[in-house]
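# A closer look at the structure
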Amino acid sequence: MRRSLLTTAFVLAVAACGGESESAPEPPTASEPVTSTEPAPPTTETTTRSKPKPLPGLPRYTAGYEDWVKLTRKPIPPRASGDAHLGTKKVYSSKPPRGKADFPDGTIIVKEAVRPGKDFLGLIAVMRKEQGADPAHNDWRFVEFTRDDRRDRFSETASGAICWTCHMGAAKTDYVWIYTLGLGK
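Read on for an overview of the structure. Because the structure is predicted, anything quoted here is derived from the model rather than measured.

## Comments concerning the environment of Y179
Inspection of the secondary structure assignment puts Y179 in helix α3 (residues 177–180). Since its relative accessible area comes to 8%, Y179 is described here as buried. Placed 78 residues apart in sequence, Y179 and A101 show a C-alpha to C-alpha distance of 6.7 Å. Each residue touching Y179, except ones within four places of it in the same chain, is listed here: L71, P97, K100, A101, F103, T173, G184 and K185.

## Notes on the state of the cysteines
Taken as a whole and judged by the stated rule, the model has zero disulfides. For the unlinked cysteine C163, the closest cysteine sulfur is that of C166, found at 8.5 Å.

## Quick word on the sheet that holds strand β4 (residues 121–129)
Read from one edge of the open sheet, six strands run β1-β2-β3-β4-β5-β6, paired in antiparallel fashion. Of all strands in the sheet, those bounded by a partner on one side alone are β1 (69–70) and β6 (155–159).

## Structural notes on the packing of aromatic side chains
In this structure the tally under the stated criterion is three aromatic pairs. Relative to Y92, the ring of Y65 has its centre 5.4 Å away and its plane inclined at 65°; by these criteria the two rings are edge-to-face. Note that Y65 is positioned in the loop between α1 (2–16) and β1 and Y92 in strand β2 (residues 88–93), a separation of 27 residues in sequence. Side by side, Y65 and Y92 carry an identical accessibility label, which is buried. An angle of 70° between the planes, with centres 6.1 Å apart, marks the rings of F103 and W140 as edge-to-face. Of the two residues, F103 sits in the loop between β2 and β3 (108–114) while W140 sits in strand β5 (residues 140–146), which places them 37 residues apart along the sequence. Under the relative-accessibility criterion, F103 is labelled buried at 0%. For W140, a relative accessible area of 1% corresponds to the buried category. Three or more aromatic residues link up through ring pairs in this structure, and these residues are F103, W140 and Y179. Over the ring of Y61 we find R128; its NZ or CZ atom is 3.9 Å from the centre of that ring.

Calculation rules
- Residues numbered from 1 in each chain as written.
- Predicted model: local features only at pLDDT ≥ 70, side-chain atom pairs only at ≥ 80, totals over all residues.
- Heavy atoms only, no water.
- Helix = DSSP H or I, 4+ residues; strand = E, 2+ residues; numbered from the N terminus.
- Buried < 20%, exposed > 50% of the residue type's maximum accessible area, 1.4 Å probe, protein only.
- Contact = heavy atoms within 4.5 Å.
- Disulfide = S-S within 2.5 Å.
- Pairing = 2+ DSSP bridges.
- Phe/Tyr/Trp six-rings, centres within 6.5 Å; stacked < 30°, edge-to-face > 60°.
- Lys NZ or Arg CZ within 6 Å of the ring centre and 35° of its normal.

That's the geometry; what it means functionally is another story.
See below:
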């Protein structure tokens, strides 16, 4: 009985709107949920980007560094002497500095270098600022990774004192040489 009343009401409503009952869909039964015939509101398409992966052999925390804040105005060419990270270099930071060269805790700085005569990244040097990690060196941790061929994985070649003994010369600019040398943005 209920179904026939719903059907009659539906047919009358369709007829009143000028439609024909033969092309109208069957009304829902009592056990079927009532759904709207109006179009669904537009949805915003979300693009799911896969998380960047680190270069082979590098720690996960370096993944996607190429999209971070670029600290160098242009690539830095190799210096004639005293170039610890020999190669043409670019420097990136996970967080911008506060002021000229004061980086907040949690900052990761990545320096990449293409070695002379090569056409691939052969060096990645990383500085990580972690509160309490090394108060004597403004809480920076240092590590350097290198590889000899583009198909090779990076492997750690230096860390700790080997790195900070050199970076102490840049202590006035938060241990970041590009600011001491006037090469940063």
